[in-house]
Amino acid sequence: MIILRRILVALLFIVTALPIFVHAQSPASSDRPFVVEYYYKTKWGHADEFLKLFKKNHYPVLKKESEMGRIVKVWMDQPRYHTTEDGRWDFRVTIVFKNATVANEPFDEAALQKQLYPDQDTFQREEQRRFEILDSHWDLPLKTVDLDAK
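Please read all numbers here as calculations on a predicted model, not as lab measurements. Note on numbering: residues in each chain are counted from 1, in written sequence order. Local features in this predicted model are restricted to residues of pLDDT 70 or higher, and side-chain atom pairs are both shown and tallied only at a pLDDT of 80 or more, whereas totals for entire chains, interfaces and linings draw on every residue. As a rule here, side-chain values come from all non-hydrogen atoms in the structure, and water together with hydrogens is ignored.

**Points about the packing of helix α2 (residues 47-68) against helix α5 (residues 120-132)**
Whenever a helix is involved, its axis is fitted only over the stretch in contact; in every case the axis is a line through C-alpha atoms, and angles between N-to-C directions fall within 0 to 180 degrees. Secondary structure elements are taken from DSSP: a helix is a run of H or I of four residues or more, a strand is a run of E of two residues or more, and numbering for both begins at the N terminus. Taken N-terminus to C-terminus, the directions of α2 and α5 make an angle of 140°; their axes are 9 Å apart at the nearest point. Relative to α5, α2 is oriented oblique. The handedness of the crossing between α2 and α5 is left-handed. Across the interface between the two elements, Glu 49, Phe 50, Leu 53, Phe 54, Lys 56, Asn 57 and His 58 from α2 touch Phe 123, Glu 126, Glu 127, Arg 129 and Arg 130 from α5. Throughout this entry, Asp, Glu, Lys and Arg are counted as charged residues, while Ala, Val, Leu, Ile, Met, Phe, Trp, Tyr, Cys and Pro are counted as nonpolar. The remaining residues, Gly among them, count as polar. Across the contact of α2 with α5, the residue classes break down as four nonpolar, two polar and six charged. To sort the angles, those under 35 degrees are grouped as roughly parallel, those over 145 as roughly antiparallel, those from 65 to 115 as roughly perpendicular, and the leftovers as oblique. Crossings are classed by handedness, with left-handed meaning an anticlockwise turn of the near helix from the far one by less than a right angle and right-handed meaning a clockwise turn. In this analysis, two residues are considered to be in contact whenever any of their non-hydrogen atoms come within 4.5 Å of each other.

**Description of the nonpolar core**
What we call a nonpolar core is a set of buried Ala, Val, Leu, Ile, Met, Phe, Trp, Tyr and Cys residues that are connected through their side-chain atoms within 4.5 Å. Buried, partly exposed and exposed residues are distinguished by accessible area as a fraction of the type maximum, computed with a 1.4 Å probe on protein chains only: under 20%, between the cut-offs, and over 50%, respectively. Tyr 38, Tyr 40, Phe 50, Leu 62, Val 93, Ile 95 and Phe 97 are the most contacted members of the largest nonpolar core, which has 17 residues in total. Secondary-structure elements contributing two or more residues to this core are β1 (34-42), α2, β2 (71-77) and β3 (91-97).

**Regarding the sheet that holds strand β4 (residues 134-141)**
Hydrogen bonds between backbone groups are what pair the strands of a sheet, and the pairing can be parallel or antiparallel. A strand pair is defined by DSSP finding two or more bridges across the two strands. Strand order in this open sheet of four strands is β2-β3-β1-β4, and the pairing throughout is antiparallel. Edge positions in the sheet fall to β2 and β4, since each of these pairs with one other strand and no more. For this sheet, the mean inter-axis angle between neighbouring strands, taken without regard to orientation, is 15°. Across seven bridges, β1 lies against β3 in antiparallel orientation. Looking at β3, one finds that Tyr 40 is bridged to Phe 91. Running over the sheet, α2 touches β1, β2, β3 and β4 and is turned about 170° from β2.

The structure is reproduced here in structure tokens:
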């Protein structure tokens, strides 16, 4: 009788929680593109070095992910003029993923890096340097606001 009661309680919990879980997951399973902006603020005088390392080691990985269909589009922007130091960023990389599920599901980027860069010692050293010369870095997933919605 106790086992039957526990099974019923577990079933009741699942039946109650399932609609909430499905609703919470539905935006992530959408086939709409999912956009994330990645901001990089380099230490003064290191922007060119960062860009060189990014283009050498990270951009080819992103291009490969694009070929695989995970990424729809990727591009980099740089401010034309300077801003205040507290709001300064040097590079913004925008990645349009196929959808939110693809963007958030586990992906073995390390395997891709090993395939593209057999000399892992050099690759790891250069990637470490790319992040050493940053003052800050942040990621900003974007949500589209429908201005015509009521």
